[in-house]
Amino acid sequence: MDALIAKADATQPLSKKRKRTHPSDSKPGPSQKSDKTSASITKNTSLPTSLRSRTDKSVDAPQYKHIANPKLRRSLVQTSTHIAQSQALLSDAIHLLPSEETGFVQAEDTMERTWRLSQADIVKEAGGEAARGRLEMKLDGGPYRVRYTKNGRHMAIAGRTGHVASFDTLTGAVHSELQLGETCSDVVFLQDHSFYAVAQQKYVFIYDRDGVEIHKLKAHVSPTRLEFLPYHWLLASVGTAGYLKYQDTSTGQLVAEHRTALGACSVLAQNPQNAVLYLGHQNGCVTLWTPNLPHPAVKVLAHLGPLSSVSIDPSESGRYMATAGKDGSVKVWDCRNWKGAVREWTLRSGGKGDAEVEWSQKGVLAVGSGGSVNMYTSPSIKTPHHSSSQPPLYLTHPLPSASHRPITSLRFAPLQDILTIGHAKGTSSILVPGAGEGGMDTGEGLDLYEGVKGRREREVRGLLDKIQPDMITLDPEIVGSLAPPSNDLFSKIRSLANRPFLLEIPFARLPRAERLRVSGKADLTEELHSDAESADGSDDTKKKVDNEAQEKRKMRGKGKSLKRYLRKQRKNVIDPTAVAIRAKIEKQKAERKAEIRKAKYGDEPQEKSSALDRFKRVSKE
């Protein structure tokens, strides 16, 4: 018992517990010396502001000790602390996330030019992993067309003589290699590297990853160019017959087939923002097509001669389009107004041969013509310029020899600073610093190290989220908005201008007969006429003749049996609203007749007598 009392006496109350002081709260005394070296590196070695706790007292904020009211002082201190923390977070974000564009080659002074750098210099300064992108493939089946998958890891090539191959650019493993023995115009991957389509001499063929033929699409006759819409699962092709065709690869159905009526077409590109296809024709026109319109949505005269290439800028939501024509000119267009080219210049090769244009993910425009490929950057090519002078060059790359001409394909690798050039002697992959987007979205299929399970899940998710072809429009923001009233409804409402009592009533509260008349479902053979009858006999006869002619015109093309059937159906339906309307119209007719008779004869019309009038009760008034 004595031990318990001793322990109780030793226990102190809560208010007298020992207070622990934080090392950061202790103020340096006169014996403590400040270290300038540690103070200079504290800001860069301390915990970032965004990772600190809210109770961190390292943020300096005024305490307002001169204010006597504690409630007001506490509120001011909290507001000042919040403002100080926000400013610290903002400075931390600016320090960690620089806002300027990174990755591009920049000149140190005004006399230095970036286009003087060769690929050897860029490879020497780049890292070991990035330098692996510089690759030369010498092949004999050219000229070649090149395509990448969405994540940029796999590449497929198709030679004019029938040499088709697909391989992994990261490991260098060859998936398949085919010698088809006929002309191949283009190649494109489908939803991933498991399947790819080849535009051969007669039809479009689909092969799997191992090179096994899966399908032969006989509806696509003599194709020249192919495009795949990943969010709609549509394979589009255009050929020498001038037909644009959409094939649904998930169901195998031919969704749409449009006749361009502009001859053979060998230029096809898609806008990644709204999935609209751009066609370049032999007469210099560029037409924009969607599956739900049988005619082009937009038609622009871009060049005075045939077009050789069209490309859409993905960096600014498809707002800019670049075209190259056989007249030796390159033009950049603003797809929002179509009021003329924003920038125009002549090819450095003098317009000899076909030119190819291609945009990168960050807005770098590559133009290949003759024996060289030139790269231009924004905003010089997107700023309106009245003269046709050359924009400033960013980089240039000449082909090794004249035997490599012509350049038939330009493709930027997604998520990488690599440009692959397809020419007569194979392919050439060069480094273009700043061309690729740095971040990747694994949900969009941009994972370079995606496994089999992840690919299957993404494919199933893509099928569930597949967008219907009818939703492809020039303005994707229109999807989900309210549709405007049709012109027919406007004309029917305007036709009721002589009926002000109907215009003031909402459509839902109109009588049934008026609702049927507005919607165009009223029976015209039994239409009630409420026009006032004229007092003149000749006018009555004339109006009767006009009414009979009008009824005759309404009944044109209708037989008597149909008229009897309609009248029978009309009689069998008893609508209280229609009966009330008929009674109201008859009453109005009688009142108008009485007014006309009174104005003409000066007497009141007498009611017709009936044999049953004798049984009426007469009031005693």
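Residues numbered from 1 in each chain as written. Predicted model: local features only at pLDDT ≥ 70, side-chain atom pairs only at ≥ 80, totals over all residues. Heavy atoms only, no water.

For the chain, the helix and strand inventory stands at 12 helices and 28 strands. Taken over 621 residues, the chain has a buried fraction of 36%. Here the analysis covers contacts within the chain between residues at least 6 apart in sequence; of these, 47% occur between residues at least 24 apart. When the accessible surface of the chain is summed, it comes to about 39,000 Å², and 53% of that surface belongs to carbon and sulfur atoms. (Helix = DSSP H or I, 4+ residues; strand = E, 2+ residues; numbered from the N terminus. Buried < 20%, exposed > 50% of the residue type's maximum accessible area, 1.4 Å probe, protein only. Contact = heavy atoms within 4.5 Å. Areas by Shrake-Rupley, 256 points an atom, 1.4 Å probe, with all protein chains shown as cover.)

Considering all chains together, one arrives at 15 salt bridges under this definition. Salt-bridge contacts for Arg147 lead to Asp186; the nearest nitrogen and oxygen are separated by 3.5 Å. You can see Arg147 sitting in strand β2 (residues 144-148) and its partner Asp186 sitting in strand β6 (residues 186-189), a full 39 residues away along the chain. For the pair Arg147 and Asp186, one class covers both residues: buried. Its salt-bridge partner being Arg455, residue Asp192 comes within 3.7 Å of it at the nearest N-O pair. Within this pair, whereas Asp192 is found in the loop between β6 and β7 (195-199), its partner Arg455 is found in helix α6 (residues 452-464), the two being separated by 263 residues in sequence. Note on Arg455: relative accessible area 18%, which makes it buried. Among the charged side chains, a salt-bridge network with shared partners connects Arg145, Arg147, Asp186 and Glu227. (Salt bridge = Lys/Arg side-chain N within 4 Å of Asp/Glu carboxyl O.)

To continue, consider the UniProt feature "repeat: WD" (unreviewed entry) in the chain. Sites flagged by UniProt as "repeat: WD" (unreviewed entry) map to residues 300-334. Along residues 300-334 the backbone is 0% helical and 57% strand, and the end-to-end C-alpha distance reaches 12 Å. (UniProt positions renumbered as here; feature names shortened; annotations may be inferred.)

Time to look at the sheet that holds β2. Pairing in this open sheet of 4 strands is antiparallel, and the strands run β2-β3-β4-β5 from one edge to the other. Of all strands in the sheet, those bounded by a partner on one side alone are β2 and β5 (174-179). Neighbour to neighbour, the strand axes of the sheet diverge by 10° on average, direction disregarded. When strand β3 (residues 154-159) meets strand β4 (residues 163-168), the two strands line up antiparallel, connected through 5 bridges. When the bridges of β4 are listed, His154 appears paired with Asp168. (Pairing = 2+ DSSP bridges. Axes fitted to C-alpha atoms, helices over the stretch in contact; angles between N-to-C directions.)

Take the sheet that holds strand β24 (residues 372-376) next. One open sheet holds the 4 strands; their spatial order is β22-β23-β24-β25, and the pairing between them is antiparallel. Every interior strand has two partners, whereas the edge strands, β22 (356-359) and β25 (395-398), have only one. The average angle at which neighbouring strand axes cross in this sheet is 15°, direction not considered. Note: β24 against β25, 4 bridges, orientation antiparallel. From the neighbouring strand, Met375 faces β25, where its bridge partner is Leu395.

Time to look at the environment of Ala413. Along the chain, Ala413 turns up in the loop between β26 (409-412) and β27 (418-423). Looking at Ala413, the relative accessible area reads 3%, which means it is buried. Measuring from C-alpha to C-alpha, the distance between Ala413 and Tyr148 comes to 6.5 Å, with 265 residues separating the pair along the chain. Setting aside chain neighbours within four positions, we find Ala413 in contact with Tyr148 and Ile418.

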